[in-house]
Amino acid sequence: MNDRADQTIDALRGGHDYLTAVVHGLATADLTRPSGASEWDVSQVLSHLGSGAEIGLASLEGALHGTGPRDGDFNKSVWARWDAMSPVERAENFVTADEALVRAYEALDPRARAVLRVDLGFLPAPVDVATVAGLRLGEFTHHTWDVEVAFDRTAVLAPAAVEPLLDQAGLLIGFLGKVEALGGRQVRLAVHTTAPRRAFGVDLVDAVALTDEPAEPDAVLSAPAEWWLRLVTGRHAVTHTPAEVTLKGDTLTLDDLRRVFPGF
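Rules used throughout
- Residues numbered from 1 in each chain as written.
- Predicted model: local features only at pLDDT ≥ 70, side-chain atom pairs only at ≥ 80, totals over all residues.
- Heavy atoms only, no water.
- Pairing = 2+ DSSP bridges.
- Helix = DSSP H or I, 4+ residues; strand = E, 2+ residues; numbered from the N terminus.
- Axes fitted to C-alpha atoms, helices over the stretch in contact; angles between N-to-C directions.
- Contact = heavy atoms within 4.5 Å.
- Salt bridge = Lys/Arg side-chain N within 4 Å of Asp/Glu carboxyl O.
- Phe/Tyr/Trp six-rings, centres within 6.5 Å; stacked < 30°, edge-to-face > 60°.
- Buried < 20%, exposed > 50% of the residue type's maximum accessible area, 1.4 Å probe, protein only.
- Lys NZ or Arg CZ within 6 Å of the ring centre and 35° of its normal.

Here's the deal with the pairing of strand S4 (residues 198-204)
1) Next: Alignment of strand S3 (residues 187-194) against S4, held across 7 bridges, turns out to be antiparallel. Looking across to S4, one finds that Arg188 is bridged to Asp203.
2) Next: Where S4 meets strand S5 (residues 208-211), 4 bridges bridge the pair, whose relative direction is antiparallel. Note on S5: the bridge partner recorded for Asp203 is Ala209.

Below, the structure written as structure tokens:
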């Protein structure tokens with residue numbers, strides 16, 4: 001478990017350093033460009049990441065000090081303060097807030113990384129450091145893409161984040177997937193990814209769920225692993241889909257999958 005926590009925390013550090021460099025290279029006008037998140041400009045994505053870092057740090061400190069999670073009013077106050085910032089303030093404060101969160105994760109000793117449990121307030125039970133850091137990595141990596149794609153439509157997810165995010169993909173896929181978009185069709189999908197190479201199944205039946213690769217799938221999706229992750233989170237427009245993505249079978253189309261995973 002420590003290996004997974006270590007890998008995830010290292011990926012958070014790499015992601016922070018990279019996005020900080022991107023932010024420092026942006027002009028003021030760049031901060032109000034539309035981002036990959038349809039309802040937000042670039043500064044609003046950074047605001048979301050910055051406020052999330054503050055809330056995440058409070059949750060981590062609550063676990064370390066035994067005080068538990070903060071109440072909903074705390075989160076609302078953080079969001080309101082970030083919403084009131086100017087685009088430039090959001091960019092500057094994102095760097096500071098996220099650095100503080102990453103440093104707090106890096107400061108956890110091996111025992112804490114193995115045994116600490118963090119109550120996030122919205123999950124049924126407290127979770128380990130690898131899981132809570134992984135949830136942050138997923139949010140951070142996809143929203144970094146939202147920033148990058150505002151300037152480069154061929155942007156991809158950070159390579160160092162892809163493997164740990166694949167390892168935890170089953171955690172939220174049932175929440176993110178909307179099987180009713182298939183209109184009652186029941187499909188067992190095989191997924192083959194590259195970089196890294198993986199093979200697994202996705203049941204699109206009563207709900208969306210990861211499974212072992214089916215022996216007789218109804219359809220086979222082949223794609224870079226980073227695109228699979230973007231598909232699941234709704235970052236899958238045709239203009240952002242590489243040519244090597246293929247779907248074989250008569251029961252399902254890529255547009256069907258886009259409807260199953262509308263994103264957030």
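That shown, we press on.
Some thoughts on the sheet that holds S5
1) Next: Spatially, 5 strands are ordered S5-S4-S3-S6-S7 in an open sheet, and the strand pairing comes out mixed. Strands at the two margins of the open sheet, each flanked by one partner only, are S5 and strand S7 (246-248). Averaged over all pairs of adjacent strands, the angle between their axes in this sheet comes to 25 degrees, without regard to strand direction.
2) Next: The sheet contact formed by strand S6 (residues 219-224) and S7 spans 3 bridges and is antiparallel. The residue of S7 that forms the bridge with Val220 is Lys248.
3) Next: Strands S3, S4, S5 and S6 of the sheet are contacted by helix H9 (residues 225-232), whose axis makes an angle of about 115 degrees with S6.

Structural notes on the pattern of salt bridges
1) Next: Counted under the stated rule, the structure contains 16 salt bridges.
2) Next: For Arg113, the salt bridge identified is with Asp6, shortest N-O distance 2.8 Å. One end of the pair, Arg113, is in helix H5 (residues 110-115); the other, Asp6, is in helix H1 (residues 2-24), and 107 residues separate them in sequence.
3) Next: Here Glu226 and Arg230 are joined by a salt bridge, their closest N and O atoms 2.8 Å apart.

Observations concerning the packing of aromatic side chains
1) Next: Tallied over the entire structure, the rule returns 3 aromatic pairs.
2) Next: Ring geometry for Trp228 versus Phe261: centroids 6.2 Å apart, planes at 80 degrees, classification edge-to-face. Placement of the pair is Trp228 in helix H9 and Phe261 in the segment after helix H10 (254-260), with a sequence separation of 33 residues.
3) Next: Here Trp228 falls in the buried class, since its relative accessible area comes to 1%.
4) Next: Overall, the relative accessible area of 1% leaves Phe261 in the buried class.
5) Next: Within the aromatic cluster, the residues linked to one another by ring pairs are Phe200, Trp228 and Phe261.
6) Next: Over the ring of Phe74 we find Arg70; its NZ or CZ atom is 4.0 Å from the centre of that ring.
7) Next: Its end group placed over the ring of Phe175, Lys178 keeps NZ or CZ at 5.3 Å from the ring centre.

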